[in-house]
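# Structural overview for review
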Amino acid sequence: MTAARENHREAVAGRSDVEDTAELLAYYEELETLKAGALWTVANKIEPWEPVSRYSPVLWPYDKMRSHVLRAIDLVTPEKAGRRVIYLNNPGAGDRAACVGGIYSGLQVMKAGETASAHAHSTSAMRFIMEGRGAYTIVDGHKMTLGANDLVLTPNGTWHEHGIDPEGTTCIWQDCLDIPLVNTLEANFYAVHPDMHQKVGYAVDDTKYTFGAPGLQPQVSWDKAYSPLYKYEWGPTYEALVKYSKVTDGSPYDGILMNYVNPRNNGPVMLTLGASMQLLRAGEKTKAHRHTGNVIYQVAKGSGYSIIGGQRFDWKEKDIFCVPSWAFHEHANGSSSDDACLFAFNDFPVMNALGLYREQAFGDNDGHQKVEA
Ligand code: 1HN
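All of these numbers come straight from a predicted model, not from anything done at the bench.

### Focus on the sheet that holds strand β2 (residues 85-87)
Taken together, six strands build an open sheet; the order of strands is β2-β3-β10-β5-β8-β12 and the sheet is antiparallel. Two strands bound the open sheet, and with one partner strand each, they are β2 and β12 (231-232). For strand β8 (residues 151-154) and β12, the ladder comprises two bridges, and the chain directions are antiparallel. Residue pairing for β12: valine 152 is matched across the bridge by lysine 231. Its contacts with the sheet put helix α4 (residues 62-75) on β2, β3 (104-110), β5 (125-131) and β10 (171-177), and the angle it makes with β3 is roughly 55°.

Shown next as structure tokens:
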């Protein structure tokens with residue numbers, strides 16, 4: 001771009017190019033004493049041409065995380081800790097405890113026979129089960145049994161608690177909450193259940209049998225903004241992806257992708273957080289694109305790599321990685337004989353509801369980023 005054109009661009013956007021003088025600097029200091037400032041000193045920073053994420057792409061290898069997560073069992077009890085969780089702290093998060101963007105995430109561990117008491121908060125949460133047998137979550141009196149690669153919702157405002165059956169094994173799952181977002185909005189409330197635990201008021205797994213039949217809905221009213229299904233099991237999810245892969249070319253950027261939806265309106269499972277599962281066929285390499293919105297991936301099956309913002313991240317089962325808003329990313333299945341599956345949490349419902357969603361393909365090099373050395 002020529003200098004004249006650049007100046008024009010600045011002028012059009014009201015961008016500033018004011019040089020500091022002694023008089024101006026003194027003026028800025030005076031404004032500061034009034035708790036005020038001159039817009040032209042911050043305009044370029046607060047109104048970037050395009051999103052500039054403070055967050056980095058990061059991969060958390062499960063084989064490195066796991067022993068530290070298990071160690072917490074001997075160090076704290078769920079009673080004392082509230083929840084026994086090791087959270088994923090992006091280097092750009094500062095004091096926000098964010099995994100990426102407005103999303104918090106952590107690995108929670110409980111052993112057989114343990115329970116974590118009931119509480120409710122304004123934040124919305126999802127959990128994706130990583131390992132172990134006998135885990136359950138109770139949401140507003142609905143008890144759900146959980147196995148590996150199942151997704152369970154604990155929507156905002158619901159009483160929720162977790163436990164592991166005494167006959168079960170140590171369980172680890174990934175939590176995902178919209179904490180940084182809700183705290184930015186300064187709208188976060190938290191309450192502990194008056195009886196510590198809630199009563200199970202329905203048959204175990206009733207939501208699955210009430211709301212979980214594909215293409216069929218019961219004559220039951222539901223006035224909440226989130227999905228009444230609460231639990232999405234791995235078996236039917238994987239089966240649906242495999243069947244879909246046989247009748248579609250899929251997306252050049254996502255492979256075979258399906259969103260978890262609220263069966264009452266086919267919208268996202270909750271107002272602020274969405275989730276998806278994508279299948280990369282044997283040998284599949286997607287093209288790069290970017291979009292507004294933040295995504296946290298967990299490898300549900302297989303191995304491969306992703307290139308995010310020009311950096312290559314090799315992944316295998318249960319590894320977690322994040323893609324910050326507006327970062328180019330592409331995925332590759334490392335196997336030429338078996339499929340790979342990437343589960344993902346995202347904040348697309350927020351981007352869509354607020355009219356902020358944008359997407360762009362990577363134009364050069366046949367859609368593939370160059371990997372930085
Ligand atoms: C929460 O409610 C859980 O219910 C886990 O398991 C992690 C982190 C911050 C705030 C609430 C849970 C959480 C959380």
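Structure's up, so let's keep going.
### A word on the site of the ligand
Near the ligand you find Arg83, Tyr104, Gln108, His119, His121, Arg127, His160, His162, Asp175, Leu177 and Ile179, and these make up its full shell. Between an oxygen atom of the ligand and a side-chain N or O atom of histidine 160, the distance comes to 3.1 Å. Histidine 162 has a polar side-chain atom sitting 2.6 Å from an oxygen atom of the ligand. Here the ligand, which alone exposes 330 Å², has 86% of that area covered by the protein. Of all elements in the fold, only β3, β4 (115-121), β9 (160-164) and β10 reach the threshold of two or more residues within the shell around the ligand.

### Some words on the packing of aromatic side chains
Counted by the stated rule, this structure contains 16 aromatic pairs. Arranged with centres 5.6 Å apart and planes meeting at 85°, the rings of phenylalanine 348 and tyrosine 357 form a pair that is edge-to-face. Taken together, the ring pairs in this structure connect Phe128, Tyr232, Tyr260, Phe343 and Phe345 into an aromatic cluster.

### Comments concerning the nonpolar core
Among the nonpolar cores identified, the biggest contains 56 residues, and Met126, Leu151, Tyr260, Met277 and Phe343 are the most heavily contacted of them. For phenylalanine 343, the contacting residues outside a window of four places in its chain are Phe128, Leu151, Tyr260, Ala275, Ser276, Met277, Ile296, Tyr297, Gln298 and Ala300. Residues Leu59, Leu280, Tyr297 and Val323 belong to the second largest nonpolar core, which totals 14 residues.

### Notes on the environment of threonine 292
Structurally, the position occupied by threonine 292 is in the loop between β15 (289-291) and β16 (295-301). Relative accessible area serves as the criterion here: at 8%, threonine 292 is assigned to the buried category. In sequence terms threonine 292 and aspartate 347 are 55 residues apart; their C-alpha atoms lie 9.2 Å from each other. Ignoring any residue separated from it by four or fewer positions in sequence, one finds threonine 292 in contact with Pro51, Ser325, Trp326, Phe348, Met351, Leu356, Tyr357 and Arg358. A polar side-chain atom of threonine 292 sits 2.9 Å from the main-chain carbonyl oxygen of leucine 356.

### Some words on the pairing of β5
β5 sits mainly inside the fold: seven of its seven residues count as buried. Here β5 pairs with β8 via four bridges, running antiparallel. Across the sheet, arginine 127 pairs through a bridge with valine 152, a residue of β8. Relative to β10, β5 is paired through six bridges, and the arrangement is antiparallel. The residue of β10 that forms the bridge with glutamate 131 is isoleucine 172.

### Describing the side chain of glutamine 298
Examined against the element boundaries, glutamine 298 turns out to sit in strand β16. Ignoring anything within four residues of it in the chain, the contact list for glutamine 298 reads Phe128, Met130, Gln174, Lys318, Asp319, Ile320, Cys341, Leu342 and Phe343.

### Some points on the pattern of salt bridges
Under the counting rule described, the total for this entry stands at 16 salt bridges. When the shortest N-O distance is used, the salt bridge between glutamate 233 and lysine 208 registers 2.9 Å. Of this pair, glutamate 233 sits in the loop between β12 and α8 (234-245) while lysine 208 sits in helix α7 (residues 206-211), placing them 25 residues apart in sequence. The partly exposed category is assigned to glutamate 233, whose relative accessible area is 22%. Lysine 231 is the partner of glutamate 233 in a salt bridge, and the nearest nitrogen-oxygen pair spans 2.7 Å. One network of salt bridges, with partners in common, ties together Asp205, Lys208, Lys231 and Glu233.

### Looking at a nonpolar patch on the surface
A cluster of nonpolar side chains, namely Val18, Tyr27 and Trp40, defines an oily patch on the protein surface of about 270 Å² accessible area. Counting through the fold element by element, tyrosine 27 comes out in helix α2 (residues 22-33).

### Quick notes on the sheet that holds strand β19 (residues 320-323)
What the six strands build is an open sheet, ordered β1-β19-β16-β21-β14-β13; its pairing is antiparallel. Only two strands of the sheet have a single neighbouring strand rather than two, namely β1 (59-60) and β13 (256-259). The pairing of β1 with β19 spans two bridges and is antiparallel. Counted as the bridge partner of leucine 59 is phenylalanine 321 from β19.

What counts, and where the lines are drawn
Residues numbered from 1 in each chain as written. Predicted model: local features only at pLDDT ≥ 70, side-chain atom pairs only at ≥ 80, totals over all residues. Heavy atoms only, no water. Pairing = 2+ DSSP bridges. Helix = DSSP H or I, 4+ residues; strand = E, 2+ residues; numbered from the N terminus. Contact = heavy atoms within 4.5 Å. Axes fitted to C-alpha atoms, helices over the stretch in contact; angles between N-to-C directions. Near = heavy atom within 4 Å. Polar contact = N/O pair within 3.5 Å; in protein donor to acceptor, adjacent residues only side chain to side chain. Areas by Shrake-Rupley, 256 points an atom, 1.4 Å probe, with all protein chains shown as cover. Phe/Tyr/Trp six-rings, centres within 6.5 Å; stacked < 30°, edge-to-face > 60°. Core = buried A, V, L, I, M, F, W, Y, C linked by side-chain atoms within 4.5 Å. Buried < 20%, exposed > 50% of the residue type's maximum accessible area, 1.4 Å probe, protein only. Salt bridge = Lys/Arg side-chain N within 4 Å of Asp/Glu carboxyl O. Patch = residues over 30% accessible without salt bridge, like charges linked within 9 Å, V, L, I, M, F, W, Y side chains within 5 Å.

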